[in-house]
Amino acid sequence: MVSERLTPRRRHLELPPWPYQPKPQPDELLSSYLCRLAAGMDLKPITFLNTIFGSRKNLLAQDLDNYAPDRIIERISIGTQRSPDEIAACTLPSLVGTLLTTHNPKGRNPWLLPTTIDNNLRHRFGLQYCADCLTEDDRPHYRKVWRLAFVTTCTRHGKMLRDRCPECESPLHPHAAATAMHCFRCGSDVREGKQAWTRPDHVVWQSRLERSLRTGWLQLGDETLRSHVGFAIVRQVATLFVNGRKADAFRNAVARDWDGDPVPYAKPTARQPIEYLSIEERHRLFDLVERVMAGWPFRFVHSCAEAGIQRSHAIKDMRSPPFAYETILRSYLDSRPYYPSEPEVAAAAGWLRRTKGKATYRDLKMICGESRAAIYRHMDYERKQARPSRWRVEAMADAPN
């Protein structure tokens, strides 16, 4: 069994390196790097991939940026004479620990835009780009950050990103196009056309989020959090604007107090993941998120109160709410009644006996609320009941002599 595992690895190591060995650009996607490798060796991407990995495994039928098997990483590493870690850093799973807590290679992941490949074609607009960046690059390439849901603008140029061909509005599919800068369907240059400008405050906010991907830390209010914890909070706030029966009220409350567009988002289902929204819808969404999270958590708490959002709704669908988020919700948005402790009820009963001569059930309830069991244990019983309630039976059993 050991020799069977080592044999293919030994054959890989005996393969010669490729004649063209470019270095991956900063934040470059693996798919973009493969396109540049193919172009440098005067091959089409599909021809290059079939030559290296064989035509039986059609790599265009999967999202290589989201999931690249170890054998592919190893083969590219040998061909380019670069470390496997450097090649793996071009994939989206490398964001585990800064953006993601875990990565699901065969399913949906928070923050990662889906491409939904079927019959070798992309059906969703999961790859975004900035036309100005691709025009100015010495070596044009697509960035990892362009695959993230909260990224809707180019922080370098202050303009909105695109997620489709400006001519035929098809999703970008660089592997199947004549070049990585052209549309695979109509052949037009995707860098042509104008991009809309973005509000400066939004650019600053997104730049802060992008910087946290590099540093691993995110500042929310007065608290510095690990970046993946902060991103979990940001995503949950964004979800409150999109899904749930309080979403409309929440959008209207934020827009009324802090500006923004409260128009409902176009979505085919009642509970739509934010990653499935179009880039225009996501830009409107994160414009509201940026406004309500300024001065965290006070704007958020105020808007939640205005919209009638309580703790139970604010953590809906969160499997493990971060402690920093849970603390805010319990402090400001928790609607659970307060139940006094046993010593508090005993002290109230003692005060009533000193002032009124006895501690009745009605008086103790007025002071202590719904702490029925404790009240029964410390109240003064005036008469016996023929059929006492379960609460009274249990309370009398535990009552002090």
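Everything numeric in this text was worked out from a predicted model, so none of it was measured.

Here we look at a nonpolar patch on the surface
Then comes step 1: A cluster of nonpolar side chains, W351, M366 and I367, forms an exposed patch at the surface whose accessible area comes to about 370 Å².
Then comes step 2: Mapped onto the elements of the fold, M366 is located in helix α15 (residues 361–368).

So, α15
Since there are 3.6 residues in each turn of an α-helix, residues three or four apart along the chain are aligned in direction.
Then comes step 1: Along α15, the residues that are buried comprise D363, L364 and C368. Taken around the axis of α15, the buried residues stretch over an arc of 110 degrees, which confines them to a single face. Away from its buried face, by an angle of more than 90 degrees, α15 presents the exposed residues R362 and M366.
Then comes step 2: Buried-residue contacts for α15 involve α14 (342–356) and α16 (372–378).

Description of the pattern of salt bridges
Here the idea is simple: oppositely charged side chains can pair when their charged atoms come close.
Then comes step 1: Inspection of every chain in the model, using the stated rule, returns 28 salt bridges.
Then comes step 2: Measuring nitrogen to oxygen at the nearest pair gives 3.9 Å for the salt bridge that ties E86 to R82.
Then comes step 3: A residue is classified by how much of its surface remains accessible, and R82, at 24% relative accessible area, is partly exposed.
Then comes step 4: Where R199 meets E290, a salt bridge forms, and the shortest distance between an N and an O atom there is 2.2 Å. Separated by 91 residues along the polypeptide, R199 in the loop between β4 (159–160) and α7 (200–215) and E290 in helix α10 (residues 279–292) bring together distant segments of the chain.
Then comes step 5: The network of salt bridges with shared partners includes R199, D201, D287, E290 and R291.

Overview of helix α8 (residues 227–242)
Then comes step 1: Here α8 contains 16 residues, and its C-alpha end-to-end distance of 23 Å stays within 8% of the 22 Å for a straight helix at 1.5 Å per residue.
Then comes step 2: Following α8 by one or two positions, G244 has its phi on the positive side, about 100 degrees.

Things to note about the environment of L34
Then comes step 1: With respect to the helices, strands and loops of the structure, L34 is situated in helix α2 (residues 30–40).
Then comes step 2: Along the backbone, L34 and F48 are 14 residues apart, and their C-alpha atoms lie at a distance of 8.7 Å.
Then comes step 3: Excluding residues that lie within four positions of it along the chain, L34 makes contacts with F48, L49, L64, I76 and H175.

Considering the packing of α7 against α8
Then comes step 1: The N-to-C vectors of α7 and α8 enclose an angle of 145 degrees; their axes lie 9 Å apart at closest approach. Taken as a pair, α7 and α8 cross one another with a handedness that is left-handed. Along the contact surface, α7 presents W205, L209, S212 and L213, while α8 presents S227, F231 and V234.
Then comes step 2: Of the residues contributing to the contact of α7 with α8, the split by class is five nonpolar, two polar and no charged.

Here's the deal with unusual backbone geometry
Then comes step 1: Between W296 and P297 the backbone carries a cis peptide bond, its omega angle lying at 5 degrees.
Then comes step 2: As for its placement among the helices and strands, P297 is situated in the loop between α10 and α11 (298–307).
Then comes step 3: Positive phi, close to 60 degrees, is recorded for D42, a residue that is not glycine.
Then comes step 4: Despite not being glycine, T116 shows a phi value in the positive range, around 50 degrees.
Then comes step 5: For T116, the position within the fold is in the loop between α5 (84–88) and β1 (117–118).

As for the environment of L92
Then comes step 1: Within the secondary structure, L92 is located in the loop between α5 and β1.
Then comes step 2: With relative accessibility at 0%, the residue L92 sits in the buried group.
Then comes step 3: For L92, the contacting residues outside a window of four places in its chain are L29, D65, N66, L100, L112, K144 and R147.

Structural notes on the pairing of strand β6 (residues 223–226)
Then comes step 1: Of the strand pairs in this sheet, strand β5 (residues 217–220) and β6 are connected by four bridges, and their pairing is antiparallel. Opposite Q219, over in β6, you have T224 as the bridge partner.
Then comes step 2: In textbook terms, the turn of a hairpin is the stretch between consecutive antiparallel strands, and for β5 and β6 this stretch comprises two residues, one of which, G221, has a positive phi near 65 degrees.

Re the packing of aromatic side chains
Then comes step 1: Counted according to the given criterion, the structure contains 12 aromatic pairs.
Then comes step 2: Members of the aromatic cluster, joined through ring pairs, are W111, F150, W205, F231 and F286.
Then comes step 3: Seen from the ring of F125, R164 lies directly overhead, with NZ or CZ sitting 3.7 Å from the centre.
Then comes step 4: For the cation-ring pair, R226 lies above W217, with the distance from its terminal atom to the ring centre recorded as 5.3 Å.

Observations concerning the side chain of R122
Then comes step 1: Relative to the helices and strands, R122 resides in strand β2 (residues 121–122).
Then comes step 2: For the buried R122, no salt bridge exists, and the shortest N-O distance to an oppositely charged side chain is 4.6 Å, to D63.
Then comes step 3: Polar contacts involving the side chain of R122 include one to the main-chain carbonyl oxygen of L172, which spans 3.3 Å.

Considering the confidence of the model for the protein chain
Then comes step 1: For the protein chain, mean pLDDT is 89; residues scoring 70 or higher make up 91% of the total.
Then comes step 2: Low pLDDT, under 50, characterises residues 1–10; the predicted model gives this stretch one contact beyond four residues in sequence or across chains.

Cut-offs applied
- Residues numbered from 1 in each chain as written.
- Predicted model: local features only at pLDDT ≥ 70, side-chain atom pairs only at ≥ 80, totals over all residues.
- Heavy atoms only, no water.
- Patch = residues over 30% accessible without salt bridge, like charges linked within 9 Å, V, L, I, M, F, W, Y side chains within 5 Å.
- Areas by Shrake-Rupley, 256 points an atom, 1.4 Å probe, with all protein chains shown as cover.
- Salt bridge = Lys/Arg side-chain N within 4 Å of Asp/Glu carboxyl O.
- Helix = DSSP H or I, 4+ residues; strand = E, 2+ residues; numbered from the N terminus.
- Buried < 20%, exposed > 50% of the residue type's maximum accessible area, 1.4 Å probe, protein only.
- Arc of directions from axis to C-beta.
- Contact = heavy atoms within 4.5 Å.
- Expected span 1.5 Å × (residues − 1).
- Axes fitted to C-alpha atoms, helices over the stretch in contact; angles between N-to-C directions.
- Left-handed = near helix turned anticlockwise from the far one by under 90°.
- Nonpolar A, V, L, I, M, F, W, Y, C, P; charged D, E, K, R; others polar.
- Pairing = 2+ DSSP bridges.
- Phe/Tyr/Trp six-rings, centres within 6.5 Å; stacked < 30°, edge-to-face > 60°.
- Lys NZ or Arg CZ within 6 Å of the ring centre and 35° of its normal.
- Lys, Arg positive; Asp, Glu negative; His and termini not counted.
- Polar contact = N/O pair within 3.5 Å; in protein donor to acceptor, adjacent residues only side chain to side chain.
- pLDDT = per-residue confidence, 0-100.

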